[in-house]
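# Notes for the structure review
Chain by chain, the residues:
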Amino acid sequence: MRILDEVAGAKTIGISGHIRPDGDCVGSCLGMKLFLEKAMPEAKVDCYLEKPADFFSCIKGFDQIKTEAPAEMKYDAFIVLDSVPQRTGFAEPLYNSARKKINIDHHISNKGGSDADCIIADASSSCEVVYDVIDKDLLDKDIALAIYVGIIHDTGVMQYSNTKPKTLRTVADLLEFDFPFSRIIDETFYEKTFVQNQLLGEALLGSSLHHDGRIAVSIVTKELLERYHATSMDLEGVVNQLRLTKGVDVAIFLYELEPGVYKASLRSTEAVDVAKVVVEFGGGGHVRAAGATLPGDPEASVQLLIREILKQMDGK
Ligand code: 5GP
Ligand code: MN
(Lines give C-alpha, C1' and ligand atoms only; values in the text may rest on other atoms or scores of the structure.)
(Ligands and ions follow the chains in the order given, each with its own letter.)
Protein backbone atom coordinates (compact mmCIF):
# COMPACT_ATOMS: atom_id res chain seq x y z
CA MET A 1 0.00 0.00 0.00
CA ARG A 2 1.00 3.62 -0.64
CA ILE A 3 -1.19 5.66 1.70
CA LEU A 4 -1.20 8.78 -0.52
CA ASP A 5 -2.83 6.75 -3.32
CA GLU A 6 -5.54 5.55 -0.91
CA VAL A 7 -6.46 9.00 0.42
CA ALA A 8 -5.95 10.91 -2.85
CA GLY A 9 -8.48 13.74 -3.18
CA ALA A 10 -9.69 13.53 0.42
CA LYS A 11 -10.36 16.90 2.07
CA THR A 12 -11.04 15.42 5.49
CA ILE A 13 -9.19 12.46 6.99
CA GLY A 14 -9.86 10.88 10.36
CA ILE A 15 -7.46 8.59 12.21
CA SER A 16 -7.96 6.33 15.21
CA GLY A 17 -6.50 3.33 17.01
CA HIS A 18 -7.57 0.95 19.78
CA ILE A 19 -9.05 1.74 23.18
CA ARG A 20 -6.51 2.17 26.01
CA PRO A 21 -3.88 3.25 23.46
CA ASP A 22 -0.34 1.93 23.88
CA GLY A 23 2.91 3.22 22.39
CA ASP A 24 2.42 1.60 19.00
CA CYS A 25 -1.12 2.90 18.77
CA VAL A 26 -0.21 6.49 19.72
CA GLY A 27 2.97 6.45 17.61
CA SER A 28 1.30 5.07 14.49
CA CYS A 29 -1.71 7.42 14.71
CA LEU A 30 0.37 10.55 15.29
CA GLY A 31 3.06 9.47 12.82
CA MET A 32 0.35 9.05 10.17
CA LYS A 33 -1.26 12.39 11.09
CA LEU A 34 2.08 14.24 10.88
CA PHE A 35 2.85 12.63 7.52
CA LEU A 36 -0.56 13.38 5.97
CA GLU A 37 -0.52 16.98 7.19
CA LYS A 38 2.85 17.43 5.53
CA ALA A 39 1.93 15.63 2.30
CA MET A 40 -1.59 17.12 2.00
CA PRO A 41 -1.48 20.59 3.59
CA GLU A 42 -4.93 21.43 2.22
CA ALA A 43 -6.58 18.48 3.96
CA LYS A 44 -7.94 18.47 7.52
CA VAL A 45 -6.51 15.55 9.47
CA ASP A 46 -7.96 14.62 12.88
CA CYS A 47 -6.74 11.98 15.31
CA TYR A 48 -9.18 10.38 17.77
CA LEU A 49 -7.94 8.39 20.76
CA GLU A 50 -8.79 7.82 24.39
CA LYS A 51 -6.42 10.04 26.33
CA PRO A 52 -2.98 8.40 26.18
CA ALA A 53 -0.45 8.44 29.03
CA ASP A 54 1.21 11.85 29.52
CA PHE A 55 4.69 10.58 28.73
CA PHE A 56 3.67 10.24 25.08
CA SER A 57 3.64 14.05 24.95
CA CYS A 58 7.18 13.77 23.54
CA ILE A 59 5.42 12.95 20.22
CA LYS A 60 4.42 15.99 18.16
CA GLY A 61 0.65 16.37 17.76
CA PHE A 62 -0.07 14.81 21.18
CA ASP A 63 -1.92 18.00 22.26
CA GLN A 64 -4.18 17.82 19.21
CA ILE A 65 -5.55 14.34 19.94
CA LYS A 66 -9.34 14.49 20.11
CA THR A 67 -10.85 12.46 22.95
CA GLU A 68 -14.46 12.91 21.87
CA ALA A 69 -16.18 12.36 18.53
CA PRO A 70 -18.30 15.12 16.97
CA ALA A 71 -21.94 14.09 16.43
CA GLU A 72 -22.11 15.11 12.77
CA MET A 73 -18.96 14.38 10.84
CA LYS A 74 -18.51 12.30 7.71
CA TYR A 75 -14.85 11.95 6.77
CA ASP A 76 -13.72 11.47 3.18
CA ALA A 77 -11.29 8.86 4.49
CA PHE A 78 -10.88 7.24 7.89
CA ILE A 79 -7.80 5.23 8.85
CA VAL A 80 -7.84 2.75 11.73
CA LEU A 81 -4.34 1.85 12.92
CA ASP A 82 -3.09 -0.95 15.19
CA SER A 83 -6.60 -2.33 15.67
CA VAL A 84 -9.70 -3.79 14.13
CA PRO A 85 -12.30 -1.01 13.60
CA GLN A 86 -14.52 -2.63 16.24
CA ARG A 87 -11.93 -1.90 18.96
CA THR A 88 -11.73 1.86 18.42
CA GLY A 89 -14.35 2.69 21.04
CA PHE A 90 -15.93 6.14 20.72
CA ALA A 91 -14.39 6.68 17.24
CA GLU A 92 -16.05 3.62 15.65
CA PRO A 93 -19.10 5.56 14.31
CA LEU A 94 -16.70 7.96 12.51
CA TYR A 95 -15.05 5.00 10.78
CA ASN A 96 -18.43 3.49 9.91
CA SER A 97 -19.73 6.72 8.36
CA ALA A 98 -16.56 7.53 6.37
CA ARG A 99 -16.66 7.48 2.56
CA LYS A 100 -13.47 5.41 2.40
CA LYS A 101 -12.46 3.06 5.19
CA ILE A 102 -8.80 2.11 5.58
CA ASN A 103 -7.28 -0.36 8.06
CA ILE A 104 -3.53 -0.61 8.74
CA ASP A 105 -2.43 -3.15 11.32
CA HIS A 106 -0.06 -5.95 12.26
CA HIS A 107 -2.33 -8.15 14.39
CA ILE A 108 -2.59 -11.68 13.06
CA SER A 109 -6.14 -11.83 14.45
CA ASN A 110 -7.25 -8.91 12.22
CA LYS A 111 -8.99 -10.43 9.21
CA GLY A 112 -9.58 -7.09 7.44
CA GLY A 113 -12.70 -6.10 5.54
CA SER A 114 -12.25 -2.34 5.03
CA ASP A 115 -12.08 -0.68 1.58
CA ALA A 116 -8.27 -0.83 1.75
CA ASP A 117 -6.58 -3.21 4.18
CA CYS A 118 -2.86 -3.30 4.88
CA ILE A 119 -2.45 -5.95 7.58
CA ILE A 120 1.09 -7.27 7.81
CA ALA A 121 1.24 -9.90 10.55
CA ASP A 122 5.02 -10.19 10.10
CA ALA A 123 5.63 -6.56 10.96
CA SER A 124 6.91 -5.81 14.47
CA SER A 125 4.44 -3.02 14.95
CA SER A 126 1.86 -0.90 13.19
CA CYS A 127 4.51 1.83 13.19
CA GLU A 128 6.72 -0.36 11.02
CA VAL A 129 3.80 -0.68 8.58
CA VAL A 130 3.26 3.09 8.68
CA TYR A 131 6.93 3.53 7.75
CA ASP A 132 6.35 1.24 4.74
CA VAL A 133 3.23 3.00 3.43
CA ILE A 134 4.45 6.63 3.65
CA ASP A 135 6.62 8.43 1.11
CA LYS A 136 10.16 8.41 2.52
CA ASP A 137 11.14 11.74 0.97
CA LEU A 138 8.74 13.45 3.39
CA LEU A 139 10.09 11.70 6.49
CA ASP A 140 11.37 14.16 9.10
CA LYS A 141 12.45 14.21 12.72
CA ASP A 142 8.91 14.47 14.15
CA ILE A 143 7.49 11.63 12.04
CA ALA A 144 10.58 9.50 12.71
CA LEU A 145 10.25 10.00 16.48
CA ALA A 146 6.56 8.99 16.44
CA ILE A 147 7.29 5.81 14.47
CA TYR A 148 10.28 5.02 16.66
CA VAL A 149 8.17 5.17 19.84
CA GLY A 150 5.79 2.54 18.46
CA ILE A 151 8.55 0.21 17.37
CA ILE A 152 10.36 0.29 20.71
CA HIS A 153 7.13 -0.29 22.61
CA ASP A 154 5.87 -3.24 20.57
CA THR A 155 9.31 -4.91 20.38
CA GLY A 156 10.24 -4.26 24.03
CA VAL A 157 13.13 -2.10 22.80
CA MET A 158 14.03 -4.43 19.96
CA GLN A 159 14.03 -7.51 22.18
CA TYR A 160 10.86 -9.54 21.54
CA SER A 161 10.78 -12.18 18.83
CA ASN A 162 8.80 -9.89 16.49
CA THR A 163 12.04 -7.92 15.98
CA LYS A 164 13.24 -8.78 12.47
CA PRO A 165 16.29 -7.63 10.50
CA LYS A 166 13.89 -5.35 8.62
CA THR A 167 12.73 -3.82 11.90
CA LEU A 168 16.30 -2.89 12.74
CA ARG A 169 16.89 -1.49 9.25
CA THR A 170 13.80 0.68 9.71
CA VAL A 171 15.08 1.82 13.12
CA ALA A 172 18.48 2.57 11.55
CA ASP A 173 16.77 4.84 8.99
CA LEU A 174 14.80 6.59 11.72
CA LEU A 175 17.89 7.26 13.82
CA GLU A 176 19.34 9.25 10.91
CA PHE A 177 17.04 11.96 12.27
CA ASP A 178 18.71 13.28 15.33
CA PHE A 179 16.22 12.82 18.20
CA PRO A 180 17.05 11.85 21.81
CA PHE A 181 16.23 8.15 21.41
CA SER A 182 17.85 7.02 24.66
CA ARG A 183 15.86 9.48 26.77
CA ILE A 184 12.65 8.56 24.90
CA ILE A 185 13.14 4.87 25.73
CA ASP A 186 13.59 5.67 29.43
CA GLU A 187 10.72 8.13 29.68
CA THR A 188 8.12 6.22 27.70
CA PHE A 189 9.08 2.59 28.30
CA TYR A 190 11.17 1.82 31.39
CA GLU A 191 10.37 4.59 33.83
CA LYS A 192 7.72 3.70 36.43
CA THR A 193 6.12 5.85 39.09
CA PHE A 194 6.51 4.76 42.70
CA VAL A 195 2.89 3.57 42.73
CA GLN A 196 3.36 1.59 39.51
CA ASN A 197 6.32 -0.21 41.08
CA GLN A 198 4.29 -0.94 44.21
CA LEU A 199 1.46 -2.39 42.10
CA LEU A 200 3.96 -4.54 40.22
CA GLY A 201 5.09 -5.83 43.62
CA GLU A 202 1.51 -6.54 44.67
CA ALA A 203 0.74 -8.37 41.42
CA LEU A 204 3.86 -10.55 41.73
CA LEU A 205 3.26 -11.28 45.44
CA GLY A 206 -0.26 -12.42 44.61
CA SER A 207 0.77 -14.56 41.65
CA SER A 208 0.55 -18.35 41.50
CA LEU A 209 2.07 -21.15 39.41
CA HIS A 210 0.10 -23.87 37.63
CA HIS A 211 0.79 -26.93 35.53
CA ASP A 212 4.27 -27.77 36.89
CA GLY A 213 5.26 -24.10 36.99
CA ARG A 214 4.67 -23.58 33.28
CA ILE A 215 1.75 -21.15 33.71
CA ALA A 216 1.93 -18.07 35.95
CA VAL A 217 -1.29 -16.32 36.96
CA SER A 218 -2.01 -13.03 38.69
CA ILE A 219 -5.30 -11.20 39.24
CA VAL A 220 -5.59 -7.54 40.25
CA THR A 221 -8.96 -6.24 41.44
CA LYS A 222 -10.32 -2.72 41.11
CA GLU A 223 -10.30 -2.54 44.88
CA LEU A 224 -6.50 -2.95 44.89
CA LEU A 225 -6.13 -0.29 42.21
CA GLU A 226 -8.32 2.08 44.21
CA ARG A 227 -6.27 1.50 47.34
CA TYR A 228 -3.28 2.86 45.40
CA HIS A 229 -5.32 5.60 43.68
CA ALA A 230 -4.22 3.98 40.44
CA THR A 231 -5.84 2.99 37.15
CA SER A 232 -5.37 0.00 34.85
CA MET A 233 -2.86 2.10 32.88
CA ASP A 234 -0.53 1.75 35.89
CA LEU A 235 -0.29 -2.02 35.29
CA GLU A 236 1.72 -1.83 32.08
CA GLY A 237 4.65 -4.25 32.21
CA VAL A 238 3.24 -6.55 34.90
CA VAL A 239 2.43 -9.40 32.52
CA ASN A 240 5.91 -9.24 30.95
CA GLN A 241 7.53 -9.58 34.37
CA LEU A 242 5.30 -12.58 35.18
CA ARG A 243 6.37 -14.22 31.92
CA LEU A 244 10.03 -13.81 32.92
CA THR A 245 9.55 -16.24 35.82
CA LYS A 246 11.97 -19.14 35.29
CA GLY A 247 10.19 -22.17 33.81
CA VAL A 248 7.07 -20.24 32.81
CA ASP A 249 5.79 -20.67 29.26
CA VAL A 250 2.58 -18.67 29.59
CA ALA A 251 1.72 -15.71 31.81
CA ILE A 252 -1.93 -14.83 32.44
CA PHE A 253 -2.68 -11.46 33.99
CA LEU A 254 -6.24 -10.40 34.75
CA TYR A 255 -7.19 -6.93 35.96
CA GLU A 256 -10.63 -5.59 36.71
CA LEU A 257 -11.73 -2.89 34.25
CA GLU A 258 -15.15 -2.31 35.79
CA PRO A 259 -17.00 -4.26 38.46
CA GLY A 260 -17.04 -7.90 37.36
CA VAL A 261 -15.35 -7.30 34.00
CA TYR A 262 -11.70 -8.30 33.65
CA LYS A 263 -9.10 -7.62 30.99
CA ALA A 264 -6.87 -10.62 30.34
CA SER A 265 -3.32 -10.10 29.12
CA LEU A 266 -1.38 -13.16 27.97
CA ARG A 267 2.30 -13.58 27.11
CA SER A 268 4.03 -16.77 26.01
CA THR A 269 7.24 -18.37 24.87
CA GLU A 270 7.32 -20.38 21.64
CA ALA A 271 5.43 -23.23 23.35
CA VAL A 272 1.97 -21.65 23.02
CA ASP A 273 0.14 -19.45 20.50
CA VAL A 274 -1.83 -17.15 22.80
CA ALA A 275 -3.61 -15.37 19.91
CA LYS A 276 -5.29 -18.72 19.24
CA VAL A 277 -6.16 -19.06 22.94
CA VAL A 278 -7.90 -15.68 23.26
CA VAL A 279 -9.78 -15.90 19.97
CA GLU A 280 -11.92 -18.51 21.78
CA PHE A 281 -12.96 -15.67 24.12
CA GLY A 282 -13.52 -12.94 21.52
CA GLY A 283 -10.06 -11.42 22.02
CA GLY A 284 -7.11 -11.01 19.71
CA GLY A 285 -3.46 -10.09 19.38
CA HIS A 286 -0.25 -11.83 18.42
CA VAL A 287 1.23 -15.32 18.78
CA ARG A 288 3.18 -14.33 21.91
CA ALA A 289 1.13 -11.38 23.22
CA ALA A 290 -2.63 -11.29 23.21
CA GLY A 291 -5.62 -10.17 25.23
CA ALA A 292 -9.35 -10.35 25.73
CA THR A 293 -12.09 -8.84 27.86
CA LEU A 294 -13.76 -11.39 30.12
CA PRO A 295 -16.95 -10.84 32.09
CA GLY A 296 -17.66 -12.96 35.15
CA ASP A 297 -15.68 -14.59 37.91
CA PRO A 298 -11.92 -14.11 37.24
CA GLU A 299 -10.92 -17.44 38.81
CA ALA A 300 -13.33 -19.23 36.48
CA SER A 301 -11.96 -17.28 33.50
CA VAL A 302 -8.44 -18.34 34.45
CA GLN A 303 -9.52 -21.98 34.51
CA LEU A 304 -11.06 -21.63 31.03
CA LEU A 305 -7.91 -19.94 29.69
CA ILE A 306 -5.71 -22.66 31.21
CA ARG A 307 -7.88 -25.32 29.62
CA GLU A 308 -7.32 -23.73 26.19
CA ILE A 309 -3.58 -23.36 26.85
CA LEU A 310 -3.24 -27.02 27.88
CA LYS A 311 -4.77 -28.09 24.56
CA GLN A 312 -1.63 -26.68 22.93
CA MET A 313 0.88 -27.64 25.64
CA ASP A 314 -0.22 -31.22 25.88
CA GLY A 315 -1.05 -31.48 22.20
CA LYS A 316 -4.60 -32.44 23.13
P1 5GP B 1 -1.99 -6.34 26.03
O2 5GP B 1 -1.92 -7.62 26.76
O3 5GP B 1 -0.68 -5.61 26.09
O4 5GP B 1 -3.16 -5.49 26.40
O5 5GP B 1 -2.21 -6.72 24.52
C6 5GP B 1 -1.38 -7.60 23.84
C7 5GP B 1 -1.74 -7.59 22.38
O8 5GP B 1 -3.03 -8.14 22.18
C9 5GP B 1 -1.80 -6.19 21.80
O10 5GP B 1 -1.28 -6.22 20.51
C11 5GP B 1 -3.26 -5.85 21.83
O12 5GP B 1 -3.59 -4.94 20.82
C13 5GP B 1 -3.93 -7.20 21.63
N14 5GP B 1 -5.17 -7.26 22.40
C15 5GP B 1 -5.30 -7.12 23.74
N16 5GP B 1 -6.59 -7.24 24.12
C17 5GP B 1 -7.31 -7.44 23.00
C18 5GP B 1 -8.73 -7.61 22.75
O19 5GP B 1 -9.56 -7.62 23.64
N20 5GP B 1 -9.08 -7.78 21.45
C21 5GP B 1 -8.17 -7.77 20.43
N22 5GP B 1 -8.61 -7.92 19.17
N23 5GP B 1 -6.85 -7.62 20.64
C24 5GP B 1 -6.41 -7.45 21.90
MN1 MN C 1 0.85 -2.77 17.87
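Bear in mind the structure is a predicted one, so any value in this text is a computation, not a measurement.

Time to look at the domain arrangement of the protein. Each assigned domain of the protein is listed here: domain 1 (3–190) and domain 2 (194–313). The gap between the C-alpha centroids of domain 1 and domain 2 is 26 Å. Each side of the interface is counted separately: domain 1 has ten residues, and domain 2 has twelve residues. With both chains or domains summed, domain 1 and domain 2 bury close to 860 Å², and 54% of this area falls on carbon and sulfur atoms. Counting across the domain 1 and domain 2 interface gives four residue pairs in polar contact (both at pLDDT 80 or more). Among the residues forming the side of domain 1 that touches domain 2, the class breakdown is four nonpolar, four polar and two charged.

Let us now look at the side chain of T269. Structurally, T269 is set in the loop between strand 9 (261–268) and helix 11 (274–279). Apart from residues no more than four positions distant in its own chain, T269 is found in contact with R243, V248, D249 and R288.

What follows is about the coordination of the manganese ion (ligand 2). Binding of the manganese ion (ligand 2) to the protein goes through D24 (OD), D82 (OD), H106 (NE2) and D154 (OD), at separations of 2.1 to 2.4 Å. You can call D82 buried: its relative accessible area is 1%. Taking relative accessible area as the criterion, H106 reaches 1% and is therefore assigned buried.

Three or more residues of helix 7 (residues 181–190) are buried, namely I184, I185 and T188. Down the axis of helix 7, the buried side of the element spans an arc of 100°, and every buried residue falls inside it. On its buried face, helix 7 is in contact with helix 5 (141–155).

Tracing the chain through its elements places A10 in the loop between helix 1 (3–6) and strand 1 (12–16). Judged by relative accessible area, which is 7%, A10 ranks as buried. When near neighbours in sequence (up to four residues on either side) are disregarded, A10 contacts M40, A43, D76 and A77.

Around ligand 1 sit 14 residues, and of these R87, H107, K263, S265 and R267 come closest. The side chain of R87 places a nitrogen or oxygen atom 3.1 Å from an oxygen atom of ligand 1. A distance of 2.8 Å is found between an oxygen atom of ligand 1 and a side-chain nitrogen or oxygen belonging to K263. Protein contacts shield 83% of the accessible area of ligand 1, which totals 490 Å² for the unbound molecule. Considering each element in turn, the shell around ligand 1 owes the most residues, five residues, to strand 11 (residues 289–295). Residues of the shell around ligand 1, tallied by class, amount to three nonpolar, eight polar and three charged.

Reading the values: the criteria
- Residues numbered from 1 in each chain as written.
- Chains lettered and ligands numbered in written order.
- Predicted model: local features only at pLDDT ≥ 70, side-chain atom pairs only at ≥ 80, totals over all residues.
- Heavy atoms only, no water.
- Domains from an automatic or database assignment.
- Contact = heavy atoms within 4.5 Å.
- Buried area = accessible area lost by both parts, 1.4 Å probe.
- Polar contact = N/O pair within 3.5 Å; in protein donor to acceptor, adjacent residues only side chain to side chain.
- Nonpolar A, V, L, I, M, F, W, Y, C, P; charged D, E, K, R; others polar.
- Helix = DSSP H or I, 4+ residues; strand = E, 2+ residues; numbered from the N terminus.
- Donors = N, O, S within 2.8 Å, 3.2 Å for Na, K, Ca; no water.
- Buried < 20%, exposed > 50% of the residue type's maximum accessible area, 1.4 Å probe, protein only.
- Arc of directions from axis to C-beta.
- Near = heavy atom within 4 Å.
- Areas by Shrake-Rupley, 256 points an atom, 1.4 Å probe, with all protein chains shown as cover.

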